[in-house]
Amino acid sequence: MGSANTTGSAARKARIEEMRRAEQVRDRRNRFLVIGGSVVAVVALVAGGVFVVKSQSGDDKDTAADGKAASGHFVTGADGVKTWKGTLGRTHVAKTVKYPTEPPVGGDHNQVWMNCDGDVYTKALDNMNAVHSLEHGAVWVTYNSKASKADVDALAAKVKKTPYTLMSPDDAQADPIMLTAWGHQRTVTGASDANVDTFFEKFVQGEQTPEPGAACTGGLAK
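Keep in mind it's a predicted model, so treat the numbers as computed, not measured.

**Looking at the overall build of the protein chain**
Move 1: Regarding its fold elements, the protein chain presents 4 helices and 7 strands.
Move 2: Secondary structure elements in the protein chain, listed N-terminal to C-terminal, are α-β-β-β-α-β-α-β-β-β-α.
Move 3: For the protein chain, buried positions account for 36% of its 222 residues.
Move 4: Within the protein chain, residue pairs in contact and separated by at least 24 positions form 68% of the contacts whose partners lie at least 6 positions apart.
Move 5: Working note: accessible area of the protein chain is about 12,800 Å², and carbon and sulfur atoms make up 56% of it.

**A short note on the state of the cysteines**
Move 1: Summed over all chains, the structure comprises 1 disulfide.
Move 2: Between the sulfur atoms of Cys 116 and its disulfide mate Cys 216 the distance is 1.7 Å. Looking down the S-S bond of the Cys 116 and Cys 216 bridge, the torsion is -90°, so its handedness is left-handed. With Cys 116 in the loop between strand S2 (82-88) and strand S3 (117-120) and Cys 216 in the segment after helix H4 (194-203), this pair connects stretches of sequence that are 100 residues apart. Accessibility assignment for this pair places Cys 116 and Cys 216 in one class, buried.

**Considering the side chain of Asp 170**
Move 1: Note on placement: Asp 170 falls in the loop between strand S5 (165-169) and strand S6 (177-181).
Move 2: Lys 222 provides the closest opposite charge to the buried, unpaired Asp 170, separated from it by 11 Å.
Move 3: Here Ala 172 takes part through its backbone nitrogen, which lies 3.0 Å from a polar atom of the side chain of Asp 170.
Move 4: Dropping the residues within four chain positions of it, Asp 170 is found in contact with Glu 102, Pro 103, Thr 142, Tyr 143 and Asn 144.

**Considering the environment of Thr 209**
Move 1: Tracing the chain through its elements places Thr 209 in the segment after H4.
Move 2: Measuring from C-alpha to C-alpha, the distance between Thr 209 and Gly 137 comes to 4.6 Å, with 72 residues separating the pair along the chain.
Move 3: Excluding anything up to four places from it in sequence, Thr 209 contacts Glu 135, His 136 and Gly 137.

**Re the packing of aromatic side chains**
Move 1: In the structure shown here, the tally under the stated rule is 2 aromatic pairs.
Move 2: Here the aromatic rings of Phe 74 and Trp 84 are separated by 5.2 Å at their centres, their planes lie at 90°, and the arrangement is edge-to-face. With a gap of 10 residues between them, Phe 74 in strand S1 (residues 70-76) and Trp 84 in strand S2 connect regions that are remote in the sequence.
Move 3: According to the relative accessible area criterion, Trp 84 is buried, its value standing at 10%.

**Quick notes on the pattern of salt bridges**
Move 1: According to the stated counting rule, one finds 4 salt bridges in the structure shown.
Move 2: Its salt-bridge partner being Arg 90, residue Glu 211 comes within 3.2 Å of it at the nearest N-O pair. A residue pair is termed long-range when its members are at least 10 positions apart, and Glu 211 in the segment after H4 and Arg 90 in the loop between S2 and S3 qualify at 121 residues.
Move 3: Look at Glu 211 and you get partly exposed, because its relative accessible area is 27%.
Move 4: The closest approach of N and O atoms between Asp 197 and Lys 158, which form a salt bridge, is 2.7 Å. Here the residue Asp 197 occupies a position in helix H4, and Lys 158 occupies one in helix H3 (residues 149-160), the gap between them amounting to 39 residues.
Move 5: According to the relative accessible area criterion, Asp 197 is partly exposed, its value standing at 37%.
Move 6: Where salt bridges share partners, they join Arg 90, Glu 135 and Glu 211 into one cluster.

The rules behind the values
For every chain, the first residue of its written sequence is number 1, and the numbers climb from 1 along that sequence. The predicted nature of this model means local features are confined to residues of pLDDT at least 70 and side-chain atom pairs, given and counted, to a pLDDT of 80 or more, with totals for whole chains, interfaces and linings taken over all residues. Side-chain measures were taken over the full set of non-hydrogen atoms in the model, leaving aside hydrogen atoms and water. Secondary structure elements are taken from DSSP: a helix is a run of H or I of four residues or more, a strand is a run of E of two residues or more, and numbering for both begins at the N terminus. Residue exposure (1.4 Å probe, protein chains only): buried if accessible area is under 20% of the type maximum, exposed if over 50%, otherwise partly exposed. Only heavy atoms enter the contact rule, under which two residues are in contact if any of them lie within 4.5 Å. All accessible areas in this document rest on Shrake-Rupley with a 1.4 Å probe, and a residue is counted as covered only by the protein chains that are shown. The rule for a disulfide is simple: a pair of cysteine sulfur atoms within 2.5 Å. Lys and Arg are tallied as positive, Asp and Glu as negative. Neither His nor the chain termini are counted. We count a salt bridge whenever a side-chain nitrogen from Lys or Arg sits within 4 Å of a carboxyl oxygen from Asp or Glu. Any pair of N or O atoms that falls within 3.5 Å is considered a polar contact. Within protein, one atom must be able to donate a hydrogen and the other to accept it, and sequence-neighbouring residues count only if both atoms are side-chain atoms. Aromatic pairs are defined between Phe, Tyr and Trp rings, using the six-membered ring for Trp, whenever the two ring centres lie within 6.5 Å; interplanar angles under 30 degrees are classed as stacked, those over 60 as edge-to-face, and all others as tilted.

Structure (structure tokens):
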């Protein structure tokens, strides 16, 4: 009898141990499957991300390929104002447009404009945003390091009280102080140059404006 109980107990222990081993095997297998599934999921996500990035990059290239800054040339009038003779694109593009003039007088540009409600910026602007402001009828005052501080301060004061104007430094331009409107540009000798007032009067929301009355607020404020 005792022998039978001993045998039965041993058998139960053996079965329990077998069940434990089987459970451990199942656990290891399940953990392997979970880890393997996670790796597959991560790989799939990464691959998907790469595809999306490539697709977006492709879209940017397509958008940029459609961007045409301008074609033509300047003609200087008796009043010293240079007028662009040719075409100026007006398409909104995502990638940088290379303009044939500095500052540019028009062409394809970013969909967001620089605020131009008498805004004075102390750092150079992205041409693509500033060109959009020109499309709205703004006059853009730019200066380089050769401009005197007195002239810069005086011009800034004028811009601040004139809606549809903006001002910023531009060390890439050839002359110390330049005034730009859509399709028009001129150099002035300083803030006291009478041509400053003349240019403002003619081109702030002037006849050259492609989108008269369009907003000069609600854009970028660098």
